[in-house]
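Next come the chains, spelled out residue by residue.
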Amino acid sequence: MTVPRLVRASATSLCGPTRPRNEDMAVIGGRCVRDATAEAEWVRDGATRPFLVAVLDGLGGHQGGDMASGRVAERLAATVWRWSSGCSAVELAAGLSETMADAHRELGETCRDDPTRAGCGTTCTALLVAADAFLMVHVGDTRCYRRRDGL
């Protein structure tokens, strides 16, 4: 797959009628979005760092779904700011994998330390775009669709 020249992303995360808290989270660039709307654009030519977009959905029915999606989103957003446009696809893939493993470990520790949050978790679908890489990470049942040529 050829890395796109331009990536446009938008996200809206609002609390639905079923739960008292919004358990969804989005990341656009380095910004976490909950109970809001955000848009961003990334242009490959001249980009100084990769671009990350992610959708996270806290596991409903478990205490801490909102906390889980928020912590993973914050880790992803913070991590992307550490990378430069000079990172290789292999380095980015390793960094993305390490970030997700660290987040998983952190959530496991939180659940062990606080039994009221047992079973907390989140889905995560993230895309990382760089000058020579287009990477995707997928955990859970959130879907990712490719839209091209207006379709």
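Draft legend 1. Representation of helix H1 (residues 65-80). Between the first and last C-alpha of H1 there are 23 Å, a value that for 16 residues agrees with the 22 Å anticipated at 1.5 Å per step. Counting buried positions along H1 gives twelve out of 16 residues, so the element sits mostly inside the fold. Those residues of H1 that sit buried are Gly65, Asp66, Met67, Ala68, Ser69, Gly70, Val72, Ala73, Leu76, Ala77, Thr79 and Val80. Close packing links the buried residues of H1 with strand E2 (24-28), strand E3 (31-33), strand E5 (51-58), helix H2 (89-113) and strand E6 (122-130).

Draft legend 2. Focus on the side chain of Asp66. Relative to the elements of secondary structure, Asp66 occurs in helix H1. Apart from residues no more than four positions distant in its own chain, Asp66 is found in contact with Arg21, Asn22, Glu23 and Arg34.

Draft legend 3. Representation of the pairing of E2. A large share of E2 lies buried, amounting to four of its five residues. Alignment of E2 against E5, held across five bridges, turns out to be antiparallel. Bridge pairing links Ala26 to Val55 in E5. The hairpin turn running from E2 into E3, its antiparallel successor, is two residues long, and Gly29 in that turn takes a positive phi close to 65°.

Draft legend 4. Structural detail: the nonpolar core. Within the largest apolar cluster, 28 residues are counted, with the highest numbers of intra-cluster contacts made by Leu52, Leu56, Leu76, Leu92, Leu96 and Leu128. Among the elements of the structure, E2, E5, H1, H2, E6 and strand E7 (133-139) are those that each provide at least two residues to this core. The greatest single-element share of this core, amounting to seven residues, is contributed by H1. Excluding residues that lie within four positions of it along the chain, Leu128 makes contacts with Pro50, Phe51, Leu52, Val80, Trp83, Leu92, Leu96, Ala133, Phe134 and Leu135.

Draft legend 5. Layout of the sheet that holds E7. As summarised here, the arrangement of the five strands in space is E3-E2-E5-E6-E7, forming an open sheet in which the pairing is antiparallel. Looking at which strands have only one partner, the edges of the open sheet turn out to be E3 and E7. The average angle at which neighbouring strand axes cross in this sheet is 10°, direction not considered. The pairing of E5 with E6 spans eight bridges and is antiparallel. When the sheet's bridge partners are listed, Leu56 is paired in E6 with Cys124. Where H1 meets the sheet, it contacts E2, E3, E5 and E6, and its direction lies at approximately 170° from that of E5.

The rules behind the values
Residues numbered from 1 in each chain as written. Predicted model: local features only at pLDDT ≥ 70, side-chain atom pairs only at ≥ 80, totals over all residues. Heavy atoms only, no water. Helix = DSSP H or I, 4+ residues; strand = E, 2+ residues; numbered from the N terminus. Expected span 1.5 Å × (residues − 1). Buried < 20%, exposed > 50% of the residue type's maximum accessible area, 1.4 Å probe, protein only. Contact = heavy atoms within 4.5 Å. Pairing = 2+ DSSP bridges. Core = buried A, V, L, I, M, F, W, Y, C linked by side-chain atoms within 4.5 Å. Axes fitted to C-alpha atoms, helices over the stretch in contact; angles between N-to-C directions.

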